[in-house]
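# Structural description and commentary
Listed below, chain by chain, are the residues.
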Amino acid sequence: SLETGASTIVNPLTAWFLVERARQEGHGALIQTAAAGQLGRMIVRLTQQAGLAAIHIVRREAQAALVRDLGGEHILLSEEPDFTKRLAELAERLSATIAFDAVAGELTGTVLGAMPPKSTIIVYGDLAAAPCVIEARNFVFERKRVEGFWLADMAEEIGLVKGLRLAAMVQRGLKDELQTRIQARHPLTAGRESIDAYEAAMTAGKVLWAMGGASEV
């Protein structure tokens, strides 16, 4: 369908690469922010498929319920007073030494600071639209790392042949673990209104713009 075709590449491949890295490197568990978003939900399903433990961070209880309905077990609300303490305890108990951050801002430093020594956080989004705030002790004394992830760089690194094979594999999961929820479909002429509606309820799903035979997300 048009809806499925418009959501075939970026989120599914990004989710697959991130979870596959955690699996290949043998991390005890992973942490992800924005777990109730479309890509976050893919990570929830992929970790279950791979048998990986995961800590899912959301902002509100309604978002926690969405992740819980997908089978997410360890769910934390970032706006709760004891969030940092609970995250540190859970990360230590599960050996969560890799994290995927779509939010940035202060949350990047909070998550990295709660993780065990020698952990890595991979920033792949900027939902907070703010600089990452990280204490120097994480690098100097605890030997932690911060990396960035951009799918275009990964595609260039793996090459065309492997990229096409991965794309074909991902497409087989678009109706299951890599599915994307579309909350609305609008004409291109309603661009500003569509963006405003999406920003007001991003967890509800993506907004599809379409006119004639062309489409954009």
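The structure reproduced in this document is the subject of the present report. Since the model is a prediction, treat every value here as computed from it, not as a measurement.

Cut-offs and rules
- Residues numbered from 1 in each chain as written.
- Predicted model: local features only at pLDDT ≥ 70, side-chain atom pairs only at ≥ 80, totals over all residues.
- Heavy atoms only, no water.
- Phe/Tyr/Trp six-rings, centres within 6.5 Å; stacked < 30°, edge-to-face > 60°.
- Buried < 20%, exposed > 50% of the residue type's maximum accessible area, 1.4 Å probe, protein only.
- Helix = DSSP H or I, 4+ residues; strand = E, 2+ residues; numbered from the N terminus.
- Pairing = 2+ DSSP bridges.
- Axes fitted to C-alpha atoms, helices over the stretch in contact; angles between N-to-C directions.
- Contact = heavy atoms within 4.5 Å.
- Right-handed = clockwise from strand over helix to strand, strands pointing away.
- Salt bridge = Lys/Arg side-chain N within 4 Å of Asp/Glu carboxyl O.
- Parallel < 35°, antiparallel > 145°, perpendicular 65-115°, else oblique.
- Left-handed = near helix turned anticlockwise from the far one by under 90°.

### Re the packing of aromatic side chains
Two numbers describe a pair of aromatic rings. These are the distance of the centres and the angle of the planes. Evaluated as defined, the whole model comprises two aromatic pairs. With a centroid separation of 5.4 Å and an interplanar angle of 75°, the aromatic rings of Trp16 and Phe17 are classed as edge-to-face. Accessibility expressed as a relative area gives 13% for Phe17, which makes it buried. Considering the side-chain rings of Phe17 and Phe149, the 6.3 Å spacing of their centres and the 45° angle between planes classify their relative orientation as tilted. Taken as a pair, Phe17 in helix H2 (residues 10-24) and Phe149 in the loop between strand S6 (145-148) and helix H8 (151-158) lie far apart in primary sequence, 132 residues in all. Here the two residues Phe17 and Phe149 agree in accessibility, since each one is buried. Each member of the aromatic cluster is reached from another via a ring pair, and the members are Trp16, Phe17 and Phe149.

### Section: unusual backbone geometry
Even without being a glycine, Lys118 presents a positive backbone phi close to 70°. One can find Lys118 in the loop between helix H6 (106-114) and strand S5 (120-123). Positive phi, close to 55°, is recorded for Arg143, a residue that is not glycine. Within the secondary structure layout, Arg143 lies in the loop between helix H7 (137-140) and S6. For Arg143, a relative accessible area of 53% puts it in the exposed group.

### Quick look at the sheet that holds strand S4 (residues 96-101)
Strand order in the open sheet made by the six strands is S3-S2-S1-S4-S5-S6, with parallel pairing throughout. The strands lining the two open edges of the sheet, one partner per strand, are strand S3 (74-77) and S6. Taken pair by pair, the neighbouring strands of this sheet meet at an average axis angle of 20°, ignoring direction. As paired strands, S5 and S6 are joined by four bridges and run parallel to one another. By the bridge assignment for S6, Ile122 is matched with Glu147. Those strands touched by H6 are strand S1 (29-32), strand S2 (53-58), S4, S5 and S6, and its axis lies near 160° from that of S5.

### Topic: the pairing of S1
Along any regular strand the residues' side chains alternate between the sheet's two faces. The alternating pattern of S1 places Ala29 and Ile31 on one face and Leu30 and Gln32 on the opposite face, and all of these are buried. Of the pairings in the sheet, the one linking S1 to S2 comprises four bridges and is parallel in character. Directly across from Ile31, in S2, lies its bridge partner Ile55. Read as a crossover between parallel neighbours, the route from S1 over helix H3 (residues 38-50) to S2 is right-handed. Pairing between S1 and S4: four bridges, direction parallel. In the sheet register, Gln32 faces S4, and the bridge partner there is Phe100.

### Here's the deal with the pattern of salt bridges
Side chains bearing opposite charge may pair, as long as their charged atoms lie close to each other. For the structure shown, the criterion picks out ten salt bridges. Residue Glu20 is joined to Arg23 by a salt bridge in which the shortest nitrogen-to-oxygen separation is 2.5 Å. One end of the pair is Glu20 and the other is Arg23, both in helix H2 and three residues apart, which spans about a single turn. Exposure remark for Arg23: the relative accessible area of 41% places this residue in the partly exposed category. Between Lys85 and Glu89 there is a salt bridge, with its nearest N and O atoms 2.7 Å apart. Of this pair, Lys85 and Glu89 both sit in helix H5 (residues 83-94), separated by four residues, roughly a single helical turn. Judged by its relative accessible area of 45%, Glu89 falls in the partly exposed class.

### Observations regarding the packing of H5 against H6
At a closest axis distance of 8 Å, the pairing of H5 and H6 adopts a crossing angle of 40°. It follows that H5 is oblique to H6 by the angle criterion. When the axes of H5 and H6 are compared, the crossing they make is right-handed. For the pair H5 and H6, contact is made by Phe83, Thr84, Leu87, Ala88 and Ala91 and by Leu107, Thr110, Val111 and Ala114, respectively.

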